[in-house]
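# Notes for the structure review
Residues per chain are reported as follows:
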Amino acid sequence: MPRRRRHSPDTVARMRQELLGWYHRNKRDLPWRRTTDPYAIWVSEIMLQQTRVAAVIDRYTAFLQYFPDIQSLAKAHEQDVLALWSGLGYYRRARMLHKAAQSVVSDHNGVMPTTAEGLRSLPGIGSYTAAAIASIAHNEPIAVIDGNVERVLSRIQGWHSHDTISEAAVRRKVDDFAQTLIDPRHPGDYNQAIMELGATICTPRNPQCLVCPWARECHTLGEHRTPKRAAMTTREIACALITRETESRTEILLEQRAAANTVMPGLWELPSIELTKSLKTAHVFTVRHAIMQVNYIVHVYSLPTESISSSAARCNWISADRASSMALTGLARKILTKAHVIPSRSRHQLPHPPSRE
Ligand code: SF4
């Protein structure tokens, strides 16, 4: 691994200027970039973890509409928080956000800590999120380091882990270099700029070095190994779409995942069934759905109401109107939308307000 190339104070100053200039000319206009409210920045940072920007924009707006401040989030029912998170995946993030809001209200008089160190004491806030909130909302000169930032700085320096140098050693060097580069006068903009560079220019594959503001400082110009992603596996499963008409409405049989489940506890989904040949005639459609490293091929079967007892543990008849505002799993929402049981969420349509019966 090449040693760290020392950058003189002049070079560091120039790099800051080049990056910030590029950012101000090219940054995407995103709703969380129009605020310095720490709560709003916090919500955006949590939503953006492992989720594409395009998928977050509308959900961020809706979430803040229903929970405009920490107090409203703290007193919300968890199922309503999950309902607004439905489709974003990684529901543990929503639970921790909710828990942390309650902690701010009960332990901090309703005011979020203003330093990265203080923020890290809240449930679900790690180093990255704490640095993002503290630098953007409170101008604390602390560098954010996520996968994008690590990739950019490693490529600049030509660092990568190999047989003799561990990933942890690279990470320590990246931390140190990141903290050297951060602009103490504009730490929030600097942090957003380097993340934007990693997300849009210095991408994992095919970095656009010709338009990169740091090309002349870069040791590798894209000729740099990027760790391969874990391979996806494929699983085939089946679930039952069971509906009934009452006098005034359509109802769907949904099942709530057990609270003790490690994945998506408490969320609502279609009852799963065994995939057998005898189901063939009841086949409605098949959807694909990725969860973490698994690509699911999901066969949906329309079954008669008596095929699964509604008295089965955790099964309930739910009206279609209510289902669309419940904490459905992303897969359940995808299937019910495709089956036209619940309306689709258009890009500009907010989810229904949380409802309780
Ligand atoms: S020059 Fe290329 S590899 Fe180097 S930081 Fe810029 S985009 Fe990444």
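Given the structure is predicted, the values throughout are model-derived calculations rather than measurements.

### Things to note about the overall build of the protein chain
The helix and strand tally for the protein chain stands at 13 helices and eight strands. For the C-alpha atoms alone, the extent of the protein chain along its principal axes is close to 75 × 50 × 35 Å. The buried share among the 357 residues of the protein chain stands at 33%. Of all intrachain contacts in the protein chain linking residues separated by at least 6 positions in sequence, the fraction that spans at least 24 positions is 68%.

### Concerning the domain arrangement of the protein chain
Once the domains are mapped, the protein chain shows domain 1 (9-217) and domain 2 (233-338). Here the C-alpha centre of domain 2 lies 35 Å away from the C-alpha centre of domain 1. Counting residues at the interface gives seven residues for domain 1, matched by nine residues for domain 2. Taken together, the residues that form the side of domain 1 that touches domain 2 break down as three nonpolar, four polar and no charged.

### Regarding unusual backbone geometry
We note that Asn206 has phi near 50°; this positive angle belongs to a residue other than glycine. Within the secondary structure, Asn206 sits in the loop between helix 11 (187-200) and strand 1 (233-241). By C-beta crowding, Asn206 is classed as exposed, having 7 other C-beta atoms within 10 Å. Even without being a glycine, His340 presents a positive backbone phi close to 60°. Within the secondary structure, His340 is located in the segment after helix 13 (330-338).

### Re the packing of helix 2 (residues 38-48) against helix 8 (residues 127-138)
Closest axis-to-axis distance for the helix 2/helix 8 pair is 9 Å, and the angle between their directions is 145°. Crossing handedness for the pair helix 2 and helix 8: right-handed. In contact with Pro38, Ile41, Trp42, Glu45 and Ile46 of helix 2, helix 8 contributes Thr129, Ala132, Ile133, Ile136 and Ala137. Class assignment for the residues of the contact of helix 2 with helix 8 results in eight nonpolar, one polar and one charged.

### A short note on helix 13
Burial in helix 13 covers these residues: Leu331, Ala332, Arg333, Ile335 and Leu336. Where helix 13 is buried, its residues contact strand 1, strand 3 (250-256), strand 4 (268-269), strand 6 (283-291), strand 7 (294-302) and helix 12 (320-323). After helix 13 finishes, the residue His340 shows a positive phi value of roughly 60°.

### Section: the pairing of strand 1
As paired strands, strand 1 and strand 7 are joined by nine bridges and run parallel to one another. Residue Ala240 lies in a different strand from strand 7, and its bridge partner there is Tyr301. Of the strand pairs in this sheet, strand 1 and strand 5 (residues 272-273) are connected by two bridges, and their pairing is antiparallel. Each bridged residue has a counterpart across the sheet, and for Cys239 the counterpart in strand 5 is Ser272.

### Digging into the sheet that holds strand 6
Spatial strand order, 5-1-7-6: four strands in an open sheet with mixed pairing. With partners counted over all chains shown, the strands left at the sheet margins are strand 5 and strand 6, one partner each. Looking at chain direction, strand 6 and strand 7 are connected through eight bridges and run antiparallel. Across the sheet, residue Val287 finds its bridge partner in strand 7, namely Val298. Sheet strands in contact with helix 13 are strand 1, strand 6 and strand 7, and its direction is about 150° off that of strand 6.

### Examining the nonpolar core
By size, the foremost hydrophobic cluster in this structure holds 85 residues, and its most contacted members are Val43, Ile133 and Ala178. Looking at this core, the element that brings in the most residues is helix 2, giving eight residues. Non-local contacts of Val43, meaning those with residues more than four positions away in its chain, are made with Tyr60, Phe63 and Leu64.

### Remarks on the packing of helix 5 (residues 78-85) against helix 6 (residues 92-107)
Geometry of a packed helix pair, given as the angle between the helix axes and the separation of the axes. At a minimum axis separation of 9 Å, helix 5 and helix 6 run at an interaxial angle of 135°. Looking at the two axes, helix 5 sits oblique to helix 6. Helix 5 and helix 6 meet at a crossing whose hand is right-handed. For the pair formed by helix 5 and helix 6, the contact residues are Glu78, Val81, Leu82 and Trp85 on the first element and Ala94, Arg95 and His98 on the second. Here the residues of the contact of helix 5 with helix 6 are counted per class, giving four nonpolar, one polar and two charged.

Rules and cut-offs
Residues numbered from 1 in each chain as written. Predicted model: local features only at pLDDT ≥ 70, side-chain atom pairs only at ≥ 80, totals over all residues. Helix = DSSP H or I, 4+ residues; strand = E, 2+ residues; numbered from the N terminus. Buried ≥ 20, exposed ≤ 12 C-beta atoms within 10 Å, placed from the backbone. Contact = placed C-beta atoms within 7 Å. Domains from an automatic or database assignment. Nonpolar A, V, L, I, M, F, W, Y, C, P; charged D, E, K, R; others polar. Axes fitted to C-alpha atoms, helices over the stretch in contact; angles between N-to-C directions. Left-handed = near helix turned anticlockwise from the far one by under 90°. Pairing = 2+ DSSP bridges. Core = buried A, V, L, I, M, F, W, Y, C linked by C-beta atoms within 7 Å. Parallel < 35°, antiparallel > 145°, perpendicular 65-115°, else oblique.

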